[in-house]
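# Report on the structure
For reference, the chains in residue letters:
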Amino acid sequence: MSLPLRFRLNQEDVEIHVQDPTVPLLDVLRGDLGLTGTKSGCAIGYCGACTVVVDGEAVPSCVQMAGLVEGRDVRTVEGLGGPDGLDPVQNAFVKCSGLQCGFCTPGHVMALRALLDEDPDPGEERLRETVDGNYCRCTGYVKILDSAREAVELERAARVAREAR
Ligand code: FES
Ligand code: FES
């Protein structure tokens, strides 16, 4: 027997059917919904590769039971950006070359997106804490931290531009 699961995903209502509501949200996103931007790394809530934003909070989707997002708001990396281009956090990673293979990048981007939505001027310590929660096996963290700092600046510029319209 399959059970209906309804939630908001990247600003659209979705309804799917799952055999088991305890299946990880990560599997539903990548398997049922084909959103492969969210990566699977450790699968035990440790590496941050699978980070998505649920009701404004960055969560590891590999340990988030899918059934518990019923009625909630989920954002994945596919939901960022729009007609005006990439999200400021994505632009920051491009500008600062904050990636090599890119496997960890969606997790970093979503964690930073949640942080900036909560606090547009988070300060160095919170930026470091956020970046620290996501493992990168390629770059070291210098350029990732540069990207995080740049994201704050690009976010501020985007806000000023929006307010001037
Ligand atoms: S794959 Fe989810 S935290 Fe590593
Ligand atoms: S860029 Fe390859 S794991 Fe981070």
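None of these values were measured; they are calculated from a predicted model.

About the thresholds
- Residues numbered from 1 in each chain as written.
- Chains lettered and ligands numbered in written order.
- Predicted model: local features only at pLDDT ≥ 70, side-chain atom pairs only at ≥ 80, totals over all residues.
- Heavy atoms only, no water.
- Pairing = 2+ DSSP bridges.
- Helix = DSSP H or I, 4+ residues; strand = E, 2+ residues; numbered from the N terminus.
- Core = buried A, V, L, I, M, F, W, Y, C linked by side-chain atoms within 4.5 Å.
- Buried < 20%, exposed > 50% of the residue type's maximum accessible area, 1.4 Å probe, protein only.
- Contact = heavy atoms within 4.5 Å.
- Salt bridge = Lys/Arg side-chain N within 4 Å of Asp/Glu carboxyl O.

Take the pairing of strand β1 (residues 3-9) next. Of the strand pairs in this sheet, β1 and strand β2 (residues 12-18) are connected by seven bridges, and their pairing is antiparallel. Bridging across to β2, Leu-9 finds its partner in Glu-12. Taken together, β1 and the strand that follows it, β2, pair antiparallel across an intervening segment of two residues, in which Asn-10 is found at a positive phi of about 50 degrees. Judged from the two bridges that link them, β1 and strand β5 (residues 73-75) form a sheet pairing that is parallel.

In this structure, Val-89, Phe-93, Val-109, Leu-112 and Leu-127 are the most contacted members of the largest nonpolar core, which totals 21 residues. At the level of secondary structure, the elements contributing two or more residues to this core comprise α2 (88-95), α3 (105-118), α4 (123-132) and α5 (142-164). Among the elements that make up this core, the one with the highest residue count is α3 (six residues). Excluding residues within four positions of it along the chain, Val-109 makes contact with Val-77, Leu-80, Val-89, Gln-90 and Phe-93. Phe-7, Leu-9, Val-28 and Leu-35 belong to the second-largest nonpolar core, a separate cluster that totals 16 residues.

Pairing is possible between side chains that carry opposite charge, provided their charged atoms lie close to one another. Going through the model one piece at a time under the given rule, you end up with 17 salt bridges. A salt bridge links Asp-117 to Arg-75, with the nearest nitrogen and oxygen atoms 3.5 Å apart. Of this pair, Asp-117 sits in helix α3 while Arg-75 sits in strand β5, and the two are 42 residues apart along the sequence. For Asp-117, a relative accessible area of 46% gives the class partly exposed. Arg-75 sits in the partly exposed class, given a relative accessible area of 23%. A salt bridge links Arg-113 to Asp-87, with the nearest nitrogen and oxygen atoms 3.0 Å apart. Of the two residues, Arg-113 sits in helix α3 while Asp-87 sits in the loop between β5 and α2, which places them 26 residues apart along the sequence.

All right, on to unusual backbone geometry then. In the Ramachandran plot, Ala-43 falls in the positive-phi region, its phi being about 65 degrees despite a non-glycine side chain. Here Ala-43 lies in the loop between α1 (25-32) and β3 (51-54). A relative accessible area of 44% means that Ala-43 is categorised as partly exposed. Phi is positive for Ser-97, which is not a glycine, with a value near 50 degrees.

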